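In case you want the letters, here they are:
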Amino acid sequence: MTLEEFPFPNRLERDALQFLQDHATYVELPQKSILFYQGDICQNILLLTHGKLRLYIQDENAESIDLYTLKQGEQCIVNTASTLSATQAVATAEAVTSIKGYLLSKDAVKQLAKLSDNYQSYLFSLYTIRMQSLVTVINDIQFKRLDQRILEWLEKQNSSVIQTTHEAIANALGSKRVVVSRILKELEMQGKVTLKRGIIILKTDT
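No experiment lies behind these values; they were computed from the predicted model shown.

Q: Report on unusual backbone geometry, specifying residues and quantitative values.
A: Even without being glycine, Ala86 reaches a positive phi, approximately 55°. Even without glycine at this site, Asn158 takes up a positive phi of about 60°. Mapped onto the elements of the fold, Asn158 is located in the loop between helix H5 (146-155) and strand E9 (161-163).

Here it is as C-alpha cells:
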C-alpha cells in the first residue's frame, strides 16, 4: 500500500495533494517497536500503510487493556489528538508486526487541514469511528462474561489455530493471565478449545 492508496489523498485538492507528497516522510519500524508511550506528547502523525499497531492503556500496576488495533490505511486518533493539541497521549502504540508508513509533522497536518476541507472531514470521521470502538470495549468489559469475550477474541483472529499466549489475551481483554488461563482450561474441558504450548486451537463447532 502506498501513500496515494490511503483513504483520503484521492479526495484532496491538487495543491493539498502536492503539499502532502512534499511533507510526508517515509518510515519503517520493526515488530515490537513503540511508536509512542502513554503520557508522551506526540510530535508527528503516522499514516500507516503496512502492518498493525496495538493501542493499549496501563494502570499504575502495569495492568494493560487494548483499546483498538490500527491497521494499514488508518490514522490513529490517539496519535492525532496528542499531536494537534500538544497533550499527553492516553495510550501506548506498539507495533504488532513490522510497520511502514508516512509521518506528518504537527505543522504539516495543520497546514494540510487549512488547504483541504476534505482532509478536515477525514479528521472528524476518525473520532466517530474510534468512539464506536471504545464504546464496544467498555460495553464488553461491563456486560459480557470473560469466557464469552475470550471466545469472541479467538474467533476474530480469522484462524482456527491461533499462535498466542495467555498473557497476550489477558492484555487484550484487560484481565489477568491467571484468570485467562483458568477460563481457557474450563473452555478446553467443555470441548470448545484445545490448548498447546503457544497455540490455541478453536473448535469449529463453537
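Q: Now, about the pairing of strand E5 (residues 64-71): what can you tell me, with residues and values included?
A: Burial analysis of E5 places 6 of its 8 residues in the buried class, which makes it a mostly covered element. With 7 bridges connecting them, strand E4 (residues 52-58) and E5 associate as antiparallel partners. Bridge pairing links Tyr56 to Asp66 in E5.

Q: Go over the side chain of Asp147 with me, naming the residues and quoting the values.
A: Inspection of the secondary structure puts Asp147 in helix H5. Classification of Asp147 by relative accessible area gives buried; the value is 18%. Here the side chain of Asp147 touches Arg145 through a polar contact of 2.6 Å, side chain to side chain.

Q: Explain the pattern of salt bridges residue by residue, including any values.
A: The tally for this structure, following the rule as stated, stands at 5 salt bridges. Put simply, Glu188 and Lys185 hold a salt bridge, and the shortest N to O gap is 3.2 Å. You can see Glu188 and its partner Lys185 sitting in helix H7 (residues 177-189), 3 residues apart, about one turn around the helix. With relative accessibility at 23%, the residue Glu188 sits in the partly exposed group. Its relative accessible area of 46% is what places Lys185 among the partly exposed residues. The structure contains a network of salt bridges with shared partners spanning Arg54, Asp66 and Glu94.

Q: If you had to explain the packing of helix H6 (residues 166-173) against H7 to someone new, which residues and values would you point to?
A: Running from amino to carboxyl end, H6 crosses H7 at an angle of 110°, the nearest separation of the two axes being 8 Å. Here H6 lies roughly perpendicular to H7, going by the angle between them. Of the two elements, H6 crosses H7, and the hand of that crossing is right-handed. Seen from H6, the contacting residues are His166, Glu167, Ile169 and Ala170; seen from H7, they are Arg177, Val180, Ser181 and Leu184.

Q: Let's hear about H6: which residues, and what values?
A: For H6, every residue scored as buried is listed here: Ile169, Ala170, Ala172 and Leu173. What you see down the axis of H6 is that its buried residues fit within an arc of 165°, all on one side. Against the buried residues of H6 lie E5, H5, H7 and strand E11 (199-202). Immediately beyond the C-terminal end of H6, within one or two residues, lies Gly174, with a positive phi of roughly 70°.

Q: Can you lay out the sheet that holds E9 for me, pointing to particular residues and giving the numbers?
A: Spatially, E9-E11-E10 is the arrangement adopted by the 3 strands of the open sheet, whose pairing is antiparallel. The outermost strands of the open sheet, each flanked by one partner alone, are E9 and strand E10 (193-196). Averaged over neighbouring strand pairs, the angle between their axes works out to 20° when direction is ignored. As paired strands, E9 and E11 are joined by 3 bridges and run antiparallel to one another. The residue bridging Gln163 from the neighbouring strand is Ile199, located in E11. Seen against the sheet, H5 touches E9, E10 and E11 and runs at an angle of roughly 95° to E11. Seen against the sheet, H7 touches E10 and E11 and runs at an angle of roughly 125° to E10.

Cut-offs and rules
Residues numbered from 1 in each chain as written. Predicted model: local features only at pLDDT ≥ 70, side-chain atom pairs only at ≥ 80, totals over all residues. Heavy atoms only, no water. Helix = DSSP H or I, 4+ residues; strand = E, 2+ residues; numbered from the N terminus. Buried < 20%, exposed > 50% of the residue type's maximum accessible area, 1.4 Å probe, protein only. Pairing = 2+ DSSP bridges. Polar contact = N/O pair within 3.5 Å; in protein donor to acceptor, adjacent residues only side chain to side chain. Salt bridge = Lys/Arg side-chain N within 4 Å of Asp/Glu carboxyl O. Axes fitted to C-alpha atoms, helices over the stretch in contact; angles between N-to-C directions. Parallel < 35°, antiparallel > 145°, perpendicular 65-115°, else oblique. Left-handed = near helix turned anticlockwise from the far one by under 90°. Contact = heavy atoms within 4.5 Å. Arc of directions from axis to C-beta.

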